[in-house]
Amino acid sequence: MDKTLHIIGGGMAGSEAAWQAANMGVDVVIHEMRPKVETFAHQTGNLAEMVCSNSFRSDDDEQNAVGLLHWEMRAANGIIMTTADKHRIPAGGALAVDRDPFAETVTQTLRALPNVSVSEEEITDLPTEGNWIIATGPLTSTALGKSIQDATAQDHLAFFDAIAPIVYADSIDMSQAWMQSRYDKGETEEERTAYLNCPMNKEQYEAFIDALLAADKTEFHEGETAGYFDGCLPIEVMAERGRETLRHGPMKPVGLTNPHKPEEKAYAVVQLRRDNALGTLFNIVGFQTKMKYGAQTEVFRMIPGLENASFARLGGIHRNTFINSPTLLDSRLRMKSRPNVRFAGQITGVEGYVESAAMGLLAGRFAAAEILGHDIPEVPLETAMGSLVNHITGGADAKTFQPMNVNFGLFQPLEDVRGGRKGRKVRYKGYTDRAKEMWQQWLTSQS
Ligand SMILES: Cc1cc2nc3c(=O)[nH]c(=O)nc-3n(C[C@H](O)[C@H](O)[C@H](O)COP(=O)(O)OP(=O)(O)OC[C@H]3O[C@@H](n4cnc5c(N)ncnc54)[C@H](O)[C@@H]3O)c2cc1C
């Protein structure tokens, strides 16, 4: 069997995967369609082009999950992080870079490796033979997207993310909210209490609708909206269609009894659903939105019970191609039905430059190890890498799967550490200390 690793897409994930695999001694071909075929967001033919912001977000590796991911990638000699460090520009606690020199350096470094070549071509079919990583990102070309869809199932590939905001469970005020499924439906007690409910009276509902209508919204990119209005209207668009629309849609108050005020009928109810197996994250059901981030926190904190909510991620609707990883991939990022094909980057359902590069790092190492006949142990769940890969390939609910940033809500809880806001600093330091130790052990096990 051919021992070359083929990577489709030379973005954040593809570049990192190529670097890792090449450093392990494997021959790599990157198939990148730019500059021959363009996307609406990329501007150059460089590898690892940053399509929008020039920031890799927080670089705090003690108190921030994405900062920890930076740390883990640096410890693994990741090309994205080490090149970002070289082209760093001042940005407070964030890691911002000079984008063109950054992408040029990644491109030159990879092209200079004797065992890496770049083939400028669009791949239009999901491969059947050989060793492959698909890292074609949120703007995967139409032909390849269609081929992935044909090989999986209609509903296992999405072209948009309609992201509802995700709230940390321990920031919800349970003296106002309660757990109950509509009409107590379900076979088990767990199913009968699967939803978290936040009630509103008429006054609160009217104020909420006013705030939704007045909030700042972002615009769609040209050509971005095609097809999206079918299934997932932003809540503010629903509110524009009529003040009662939400009360008859995602906020309908039927089939629910508030145990805190059993005699009072709520006028509207906001429902939140568990977003991960750990039960540390909840998404607000049906609340996809184009409101700007600042407006979202203000508006959502008007919901009774969410006055002090901390958000693991805010809502959005974007052009984004991603697969249903919890259904399609195993823990080594292989397609279950075609194990010679791996996926990496944003197409796996992670969100952001750093998370995408991180999944590239893992996919590159896993693929190279397999080609060389080694075994790599599972990534420890206690690390940022492990938490993220575990979320997309197992921890997340496949039915409601939406792209995810790395965040501490994905981490295995720490024993004997205080929950809630007050204990947060100690808890985050506990997570990052534990992760660093486990990540080092994992890396050492491969050297
Ligand atoms: C408009 C827009 C704005 C964004 N802004 C941000 C932001 O500010 N911050 C952030 O962190 N994230 C942002 N993202 C998400 C961002 O795209 C990812 O974080 C990151 O670029 C994903 O890395 P990736 O390697 O998965 O995909 P990409 O970096 O997009 O790389 C995929 C590569 O595959 C190539 N390709 C696609 N199809 C084929 C094919 N069939 N054959 C060969 N090559 C192919 C593409 O040309 C591209 O080079 C944005 C996304 C979009 C669409």
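Scroll up to find the structure this text is about.
Remember, predicted model here, so these are calculated numbers, not experimental data.

Each value, and the rule that gives it
Residues numbered from 1 in each chain as written. Predicted model: local features only at pLDDT ≥ 70, side-chain atom pairs only at ≥ 80, totals over all residues. Heavy atoms only, no water. Buried < 20%, exposed > 50% of the residue type's maximum accessible area, 1.4 Å probe, protein only. Helix = DSSP H or I, 4+ residues; strand = E, 2+ residues; numbered from the N terminus. Polar contact = N/O pair within 3.5 Å; in protein donor to acceptor, adjacent residues only side chain to side chain. 1 Å grid on protein atoms, 1.4 Å probe; cavity = no way out; pocket = protein on both sides within 12 Å on 5 of 7 lines; lining within 4 Å. Points joined across faces, edges and corners; volume = space filled by probe spheres on them. Nonpolar A, V, L, I, M, F, W, Y, C, P; charged D, E, K, R; others polar. Near = heavy atom within 4 Å. Areas by Shrake-Rupley, 256 points an atom, 1.4 Å probe, with all protein chains shown as cover.

Student: How would you summarise helix 2 (residues 65-75) if you had to cite specific residues and measurements?
Tutor: Across the 11 residues of helix 2, eight count as buried, placing the element largely inside the fold. Within helix 2, the full set of buried residues consists of Ala65, Val66, Gly67, Leu68, Leu69, His70, Glu72 and Met73. The N-terminus of helix 2 is capped by asparagine 64, whose side-chain oxygen sits 2.9 Å from the backbone nitrogen of valine 66. Looking one or two places after helix 2, you find asparagine 77, whose phi comes out positive at around 55°.

Student: Kindly report on the layout of surface pockets, identifying the contributing residues and their values.
Tutor: Taken as a whole, the second largest pocket encloses approximately 420 Å³ of empty space. Lining the second largest pocket are 18 residues; nearest its centre among them are Glu190, Ala194, Arg273, Arg274 and Asp397. Mapped onto the lining of the second largest pocket, the elements with two or more residues apiece are helix 6 (189-192) and strand 12 (268-274). Here the residues of the lining of the second largest pocket are counted per class, giving five nonpolar, six polar and seven charged.

Student: Kindly report on the site of the ligand, identifying the contributing residues and their values.
Tutor: Within the structure, the ligand sits among 31 residues, and Glu32, Arg34, Ser141, Gln346 and Gly352 are positioned closest to it. Within the contact set of the ligand, a nitrogen atom lies 3.2 Å away from a backbone nitrogen or oxygen of methionine 33. Starting from 980 Å² of accessible surface for the ligand in isolation, the protein chains cover 91%. Every element with two or more residues in the shell around the ligand is listed here: helix 1 (12-23), strand 2 (28-32) and helix 11 (353-372). Here the shell around the ligand is composed, by residue class, of 12 nonpolar, 15 polar and four charged.

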